[in-house]
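Given next are the chains, with one letter for each unit.
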Amino acid sequence: MIRSFPVLMLILFAGLAGAQTVSIAEAREDLDGDGIPDHLGEILTIEGVATCEGTLFSTTGLSFYVQDETAGINVYAYSSASPGAIEAGDEWRITGEIKQYNGLTEISPDSPSDFVYIDHPGVPQPLQLALNQGVSESIEGQLLALGNSSLSQWVTVANDPESAGGGYNFNVWNGQNSVAIRVNESTGISVSNIGAGTRLFMLGIGGQYDSEPPYDSGYQLLPRYQTDLEIYQPSIYDGFHLTVLTDNPFAPVLGETVNIEYGGPAGMRFTLTVFDRSGRAVTHLAESRPAGDVVQWNGKDDYSKILPLGPYLVLLEGMDTDGKRYTTTETIVVAAPLN
Ligand SMILES: [Ca+2]
Ligand SMILES: [Ca+2]
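Rules and cut-offs
Residues numbered from 1 in each chain as written. Chains lettered and ligands numbered in written order. Predicted model: local features only at pLDDT ≥ 70, side-chain atom pairs only at ≥ 80, totals over all residues. Heavy atoms only, no water. Helix = DSSP H or I, 4+ residues; strand = E, 2+ residues; numbered from the N terminus. Buried < 20%, exposed > 50% of the residue type's maximum accessible area, 1.4 Å probe, protein only. Contact = heavy atoms within 4.5 Å. Areas by Shrake-Rupley, 256 points an atom, 1.4 Å probe, with all protein chains shown as cover. Phe/Tyr/Trp six-rings, centres within 6.5 Å; stacked < 30°, edge-to-face > 60°. Donors = N, O, S within 2.8 Å, 3.2 Å for Na, K, Ca; no water. Pairing = 2+ DSSP bridges. Axes fitted to C-alpha atoms, helices over the stretch in contact; angles between N-to-C directions. Salt bridge = Lys/Arg side-chain N within 4 Å of Asp/Glu carboxyl O. Domains from an automatic or database assignment. Buried area = accessible area lost by both parts, 1.4 Å probe. Polar contact = N/O pair within 3.5 Å; in protein donor to acceptor, adjacent residues only side chain to side chain. Nonpolar A, V, L, I, M, F, W, Y, C, P; charged D, E, K, R; others polar.

1. Re the overall build of the protein chain
Within the protein chain, the secondary structure is distributed over two helices and 22 strands. Overall, the C-alpha framework of the protein chain stretches about 85 × 50 × 35 Å when taken along its three principal axes. Expressed as a percentage of its 339 residues, the buried residues of the protein chain come to 45%. Of the contacts made within the protein chain by residues no fewer than 6 positions apart, 60% connect residues no fewer than 24 positions apart. Counting every atom, the protein chain has about 16,800 Å² of accessible surface; 52% of that belongs to carbon and sulfur.

2. Focus: the packing of aromatic side chains
Considering all chains together, one arrives at ten aromatic pairs under this definition. An angle of 75° between the planes, with centres 6.3 Å apart, marks the rings of Y101 and Y209 as edge-to-face. Taken together, the residues Y101 in strand β4 (residues 91–101) and Y209 in the loop between β13 (199–208) and β14 (219–222) connect sequence positions 108 residues apart. In this structure Y101 comes out as partly exposed when scored by relative accessible area, which is 47%.

3. A few points about the coordination of the calcium ion (ligand 2)
Within the protein, G103 (O), E137 (OE), E137 (OE), E140 (OE) and Q208 (OE1) serve as the donor atoms for the calcium ion (ligand 2), at 2.1 to 2.5 Å. In this structure G103 comes out as buried when scored by relative accessible area, which is 1%. With relative accessibility at 30%, the residue E137 sits in the partly exposed group.

4. Points about the sheet that holds strand β16 (residues 241–244)
Sheet strands pair by backbone hydrogen bonding; their relative direction is either parallel or antiparallel. Strand order in this open sheet of three strands is β16-β17-β20, and the pairing throughout is antiparallel. Edge strands, defined here as strands with exactly one partner in the open sheet, are β16 and β20 (293–297). Looking at each pair of strands side by side, their axes are set apart by 20° on average, direction ignored. Note: β16 against strand β17 (residues 258–263), four bridges, orientation antiparallel. Across the sheet, residue T243 finds its bridge partner in β17, namely E261.

5. Quick look at the coordination of the calcium ion (ligand 1)
Note on the calcium ion (ligand 1): its protein donors are D30 (OD), D32 (OD), D34 (OD), I36 (O) and D38 (OD). The metal-donor distances range over 2.2 to 2.3 Å. The motif formed by the donor residues of the calcium ion (ligand 1), counted along the single chain, is D-x1-D-x1-D-x1-I-x1-D. D34 gets classed as partly exposed once you look at its relative accessible area, which sits at 34%.

6. Re the pattern of salt bridges
Enumeration according to the criterion identifies seven salt bridges in this entry. Through salt bridges that share partners, R28, E137 and E140 make up one connected network.

7. Details of the domain arrangement of the protein chain
In terms of domains, the protein chain is made up of domain 1 (4–119), domain 2 (127–231) and domain 3 (241–334). Relative placement of domain 2 and domain 3: their C-alpha centres are 25 Å apart. Taken together, the contact pairs eleven residues of domain 2 with eleven residues of domain 3. In this assembly, domain 2 packs against domain 3 so that about 880 Å² is buried in total across both faces, 47% of it on carbon and sulfur atoms. Among the residues of domain 2 in contact with domain 3, W154, W173 and Q176 are the three that bury the most area, contributing 45% of the side total. On inspection of domain 2 and its partner domain 3, the count reaches zero salt bridges. The tally of links between domain 2 and domain 3 comes to six residue pairs in polar contact (both at pLDDT 80 or more). Considered class by class, the residues forming the side of domain 2 that touches domain 3 number six nonpolar, four polar and one charged.

This is the structure:
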């Protein structure tokens, strides 16, 4: 009897404290991998820093994102649950039901008392996406940087923004990976100066809109502010050209890569293909892309196999706005490591 008393007290205190406080990664977890949060329908408490204002992604209530060191999550609530102004950089303790909306994991408070202000540590540094990396489940809900200004590694807009359901959609090329961008009208961001070929450094929150199980696609980047779309105008020679920027020969077996720059006049579309000595196309580095770019080639073919040693021909084809075709080539040698 005596020994059980502290246990009973603990249970009582846990009850008084309300829902269990968990890390955001734990609130989001999907250990059985079915694409549905394991804690769906449960009431949990998290603590996180807001990466935008509380109403930024909603015209009627609250929709914003918070993150801790483990992960990020969407906070979604009716305006009746709002505790007042929520500023970017505020840290809050938030209690709510774990929900999912088109693949997006949410925590949904239902009264102002579900929010407890903690502090104002400021907006955390964005997570830098690597070249060729896209948005994925583990980084959904987090503030992300796409394109790296310190490396002059921009992303290129693939198509003109299209108006769709309260916002605009377009895609950008991050190296070989096409990333969907969703500009929500509620943010007030204008896309009038964005078009196919615009080069950008971007910030935004990892989002998802996928209407069908298993909710493993439809990832998007959600810019928050006009300044999250930083237009970059590098001084690239605008004559039709193809240049190998890094060491050639290179040794892919050592993890070496080669950077290839191409470009030409405004409006031209570019296709960049690597051929082996027998004239077989082994990899496609760019297909009808707008605007010049720098691509990184890892010496692998389209099936991610490292190619045999030897010379390879890189062919750049440009198609101008009148349908006139231009071509030029460079030779790149896949080599063995020196020893
Ligand atoms: Ca699950
Ligand atoms: Ca998701």
